Amino acid sequence: MTAVLPAQVGLAGDGREGRATGAGRPGATPSRIRPVRPVNVLVGVDPVVCRPATDTATCAAHHAIRHAVFVAEQGVFADSDLDAHDARDDVVHVLATHLGRPAGTVRLYPAGRPGEWVGDRLAVLPGFRSAAIGGPLVRFAVEAAGARDGTRMRAHVQLPNERFFHRLGWSTDGPVETYVGHPHIPMSTPLAGPTTPWLAGPGRAA
Ligand SMILES: CC(C)(COP(=O)(O)OP(=O)(O)OC[C@H]1O[C@@H](n2cnc3c(N)ncnc32)[C@H](O)[C@@H]1OP(=O)(O)O)[C@@H](O)C(=O)NCCC(=O)NCCS
């Protein structure tokens with residue numbers, strides 16, 4: 001089978017689409033091939049995948065994104081955004097990929113009160129923003145905490161993102177407060193039981 005490269009056919013909307021170069025020219029061999037314009041077809045495949053970062057590579061990607069966003073881009077943390085929660089046994093580090101490329105993160109862990117979970121470190125790399133990655137990450141965190149018997153998830157949300165969370169069904173719980181040295185809004189959402197058993201984590205899936 002002969003591959004037809006874009007350079008060999010007219011693809012610039014100049015009316016030559018679908019004709020092999022050379023056909024019709026004096027001395028040229030008429031081509032029976034009618035190449036079609038190449039298209040990217042992605043049917044029934046979600047390019048965004050969220051999953052717990054459990055191996056070395058996905059953990060490294062998770063932390064690299066957090067560092068890129070919260071240290072390098074936003075300067076929320078001076079040197080590192082790591083804290084004691086990252087070392088907990090019950091913390092869930094989540095990595096979102098877009099067509100296999102690391103694109104976003106979220107972290108969740110149980111809070112002090114029974115049933116209460118905290119979601120934080122929601123970050124999407126600048127080049128992947130507004131591509132429906134942040135929304136799925138929040139929904140994934142909510143599902144994962146619900147699957148672990150959580151009943152409510154709380155978050156300290158940066159002011160410009162309050163509307164983003166409202167659109168995801170979260171409610172504002174109080175006035176602006178200072179969190180990690182910056183103004184944030186306390187927000188929360190109720191958690192439902194698991195709809196996807198494997199989200200409950202190792203040894204908990206039905
Ligand atoms: C906030 C953030 C996670 C959103 O991620 P994203 O992948 O760009 O969001 P999505 O594409 O999933 O957005 C879902 C919807 O919310 C909208 N949206 C995104 N950010 C928004 C914001 N700050 N305010 C209001 N709406 C917003 C999108 O336009 C989209 O709308 P649509 O469904 O009508 O298209 C991302 O902008 C980010 O990482 N910012 C820097 C770090 C940060 O602020 N983290 C959160 C700390 S609380």
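Our subject is the structure listed above.
The rules we used
Residues numbered from 1 in each chain as written. Predicted model: local features only at pLDDT ≥ 70, side-chain atom pairs only at ≥ 80, totals over all residues. Near = placed C-beta within 6 Å. Helix = DSSP H or I, 4+ residues; strand = E, 2+ residues; numbered from the N terminus. Nonpolar A, V, L, I, M, F, W, Y, C, P; charged D, E, K, R; others polar. Core = buried A, V, L, I, M, F, W, Y, C linked by C-beta atoms within 7 Å. Buried ≥ 20, exposed ≤ 12 C-beta atoms within 10 Å, placed from the backbone. Contact = placed C-beta atoms within 7 Å. Expected span 1.5 Å × (residues − 1). Pairing = 2+ DSSP bridges.

Trainee: Help me understand the site of the ligand, please; the structure alone is not making it clear to me.
Mentor: Not every one of the 18 residues close to the ligand is listed here, only the nearest: Val124, Arg129, Gly134, Gly135 and Phe164. Elements with a contribution of two residues or more to the shell around the ligand: β4 (116-124), α2 (134-147), β5 (152-158) and α3 (162-167). Tallied by class, the residues present in the shell around the ligand amount to ten nonpolar, five polar and three charged.

Trainee: Looking at this model, I keep getting lost on the nonpolar core. Mind explaining?
Mentor: Nonpolar side chains in soluble globular proteins tend to be buried together. In terms of nonpolar packing, the biggest core is built from 35 residues, with Val94, Val106, Leu108, Leu137, Ala141, Ala144 and Ala145 touching the most fellow members. Of all the secondary-structure elements, those providing two or more residues to this core are α1 (56-73), β2 (92-98), β3 (101-110), β4, α2, β5 and β8 (182-190). Residue contributions to this core peak at eight residues, all from α2. Those residues in contact with Val94, other than ones at most four positions away along the chain, are Cys50, Arg51, Pro52, Ala53, Thr105, Val106, Arg107, Leu137, Phe140 and Ala141.

Trainee: Would you take a moment to explain α2 for this structure?
Mentor: Given 3.6 residues per helical turn, the α-helix brings residues three or four places apart onto the same face. The terminal C-alpha atoms of α2, which comprises 14 residues, lie 20 Å apart, in line with the 20 Å expected from a rise of 1.5 Å per residue. Judged by how many residues are buried, α2 sits mostly within the fold: eleven of 14 residues are covered. Taken residue by residue, α2 has Gly134, Leu137, Val138, Phe140, Ala141, Val142, Glu143, Ala144, Ala145, Gly146 and Ala147 as its buried positions. Two residues or fewer after α2 comes Asp149, characterised by a positive phi angle close to 75°.

Trainee: Help me understand the environment of Asp149 in this model?
Mentor: Structurally, Asp149 can be placed in the loop between α2 and β5. A tally of 15 C-beta atoms within 10 Å means that Asp149 is categorised as partly exposed. Each C-alpha atom of the pair Asp149 and Pro114 lies 9.3 Å from the other, and the pair is 35 residues apart in sequence.

Trainee: Sorry if this is basic, but what is going on with the environment of Gly135 here?
Mentor: Relative to the assigned elements, Gly135 resides in helix α2. Taking the number of C-beta atoms within 10 Å as the measure of exposure, Gly135 has 15 and is therefore partly exposed. For the pair formed by Gly135 and Leu122, sequence separation is 13 residues and the distance between their alpha carbons is 9.8 Å.

Trainee: Which parts of the structure should I look at to understand the pairing of β3?
Mentor: Strand residues, when the strand is regular, have side chains that alternate between the two faces of the sheet. In this structure, β2 lies alongside β3, joined through seven bridges in antiparallel fashion. Residue pairing across strands places Val92 opposite Leu108, the latter belonging to β3. Count of turn residues in the β2/β3 antiparallel hairpin: two residues, of which Leu99 carries a positive phi of about 50°. Examined bridge by bridge, β3 and β4 share six bridges and lie antiparallel to one another. Following the sheet pairing, Arg107 is matched in β4 by Asp120. Where β3 folds back on β4, the antiparallel hairpin that results is connected by five residues, among which Gly115 adopts a positive phi of roughly 80°.

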